[in-house]
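For reference, the chains in residue letters:
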Amino acid sequence: MEIEFYGATERVTGSCHILRVGGRTVLLDCGLVQGSHDEEALNREPFAFDARELDAVLLSHGHIDHSGRIPLLVSRGFSGPVFTQEATADLARVLLLDSASLAERDALYHRKHPRIAADRRAEPLYTREAALRALERFRGVPYAERFTVVPGLEACFRDAGHILGSAVLELWLSEGDSRRKLVFSGDLGQYGHPILNDPETVRDADAVIIESTYGDRLHREFSSTLDELGDIFRSACRSCGNILIPAFSIGRSQELLYLMATHFEEWGMQEWQVYLDSPMAIEASLIYWGHPELFDREAAAAKGDSSLLPTLRNLHFTPKVEQSQELNARRSGAVIIAGSGMCNGGRILHHLKHNIPRPECHLLITGYQAEGTLGRRLVEGAGEVEIHGRSYPVRAALHTVGGLSAHGDRDDMLRWASGFENSPRFFVVHGDPSAKESFRTAIEQRLGCRAGIPEPGDRYDFSS
Ligand SMILES: [Zn+2]
Ligand SMILES: [Zn+2]
């Protein structure tokens, strides 16, 4: 029995690890690499294994950097089950179909504007049809239910508190007489975060694969994040500009709506019109509100008898392209939530073109921005950015509201990691190099556990 580290080892995105036990092969996640064009080209490369020989996939949560290559697995011959938490199965339908639509649109663009001969990008990474075929393989399992993945491997999903349905995977491996337990953190959420429960403590493991997105940073206190958001909404000149929020459709958008609804009067939200300008975020919101059993106590109480959405009286859904385009003419008073969260595609690009050159507009960055993305360039203070081949000056006020991240910070992750009572060995993945190294050191020094940073292709033999 062994684990082979494959994806999200060199970078944050593209989560994927290969577990081999009792002659079976199971993947933990199968995510897309997201970032620059060169990095994203890696998604088309062959897998390090034969998809036809793969027995099952365990998916920690719906985010595309964890789930986005599953349709490719299926097109390349994988015919086993994809086990995931029930709500993740719902969200994955929205996410994978959106990912496929984006891929189809991209391919169309590259067919029309070929930069080089025989550009591979003229073919979509996968089609909606392939995504639908992949979704047929999904099997939803509730939290806390121990189930057999393949002979020799049992699993249980625990709430990771990251996005709806996100799971920490407890994995029991057996081969002959040996028994080992592996825990895969997936992505961990923040403690005390809105809507979702805290990451669930797991008490024992022989080895733990842990993410480290914010392994070298601390978020601000959530209360100061709330104050900051309130200040922005109250002080932004609603009669002269708009507020743009590039948001991840799943998680961030719902949190923002929830916070706007629960701070409606306090933040003066009645003065703004809020547009959820993303078909995917709209669908995801409906899925969120459809799973109140997964809410934390406050959100369950706030929900009352009706859905949360009507609480935000001035919320508008703009699923259609024409509705989104109409927003381009709005010069003021609009809060526009649109994807993608890292500004590397989607409707937010059009809104950026119309609003970032205007000093009276505001841009709220509410999440992690990977290297190579437009969002990262904006956060780093670029004075000018290129969108759709044209250059735009950045004059809008930029606010980075860190505490809203769906990811726990260093202390959140250490708190979760300290729940293990038997000093497991840690493998630190899913982070920029400095975040991984800093978090690895923190685990060793504060928890007294061995911790390593695997390279792609490294293997860990559980029997050793
Ligand atoms: Zn995630
Ligand atoms: Zn992730």
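This is a predicted model, so every value here is computed, not measured. (Residues numbered from 1 in each chain as written. Chains lettered and ligands numbered in written order. Predicted model: local features only at pLDDT ≥ 70, side-chain atom pairs only at ≥ 80, totals over all residues. Heavy atoms only, no water.)

Enquirer: Please clarify how the sheet that holds strand 9 (residues 167-175) should be interpreted in this entry.
Expert: Sheet strands pair via backbone hydrogen bonds, and the direction of the pair is either parallel or antiparallel. Spatially, the seven strands line up as an open sheet ordered 7-8-9-10-11-20-21, and their pairing is mixed. Of all the strands in the sheet, just strand 7 (147-150) and strand 21 (451-452) have a single pairing partner and so form its edges. Strand direction decides the pairing type here: strand 7 and strand 8 (residues 153-159), joined by three bridges, are antiparallel. Looking across to strand 8, one finds that valine 150 is bridged to leucine 153. Contacts between helix 13 (residues 410-417) and the sheet are confined to strand 9, strand 10 (178-184), strand 11 (207-210) and strand 20 (425-428), with strand 11 contributing the most and set at about 165° to the helix. Helix 14 (residues 433-447) rests against strand 11, strand 20 and strand 21 of the sheet, and its axis sits at about 165° to strand 20. (Pairing = 2+ DSSP bridges. Helix = DSSP H or I, 4+ residues; strand = E, 2+ residues; numbered from the N terminus. Contact = heavy atoms within 4.5 Å. Axes fitted to C-alpha atoms, helices over the stretch in contact; angles between N-to-C directions.)

Enquirer: Honestly, empty space enclosed by the protein in this entry has me stumped. Any pointers?
Expert: To locate leftover empty space, one rolls a probe as large as a water molecule over the atoms. Considering all chains together, one arrives at one cavity of 30 Å³ or more under this definition. Here the largest cavity is characterised by a volume of approximately 30 Å³. Ala8, Ser15, His17, His66, Phe184, Ser185, Gly186, Asp187, Glu211, Val429 and His430 together form the lining of the largest cavity. (1 Å grid on protein atoms, 1.4 Å probe; cavity = no way out; pocket = protein on both sides within 12 Å on 5 of 7 lines; lining within 4 Å. Points joined across faces, edges and corners; volume = space filled by probe spheres on them.)

Enquirer: Is there a simple way to explain the packing of aromatic side chains in this structure?
Expert: Scanning all chains against the criterion turns up 13 aromatic pairs. The interplanar angle of 75° and the centroid separation of 5.8 Å between the aromatic rings of tyrosine 6 and phenylalanine 49 together place this pair among those described as edge-to-face. Remark: phenylalanine 49 occurs in the loop between helix 1 (37-40) and strand 4 (56-59) and tyrosine 6 occurs in strand 1 (residues 2-7); sequence separation between them is 43 residues. According to the relative accessible area criterion, phenylalanine 49 is buried, its value standing at 14%. For the pair phenylalanine 47 and phenylalanine 49, a centre-to-centre distance of 5.0 Å together with 20° between the ring planes defines the contact as stacked. (Phe/Tyr/Trp six-rings, centres within 6.5 Å; stacked < 30°, edge-to-face > 60°. Buried < 20%, exposed > 50% of the residue type's maximum accessible area, 1.4 Å probe, protein only.)

So yeah, pure geometry; function would need other evidence.
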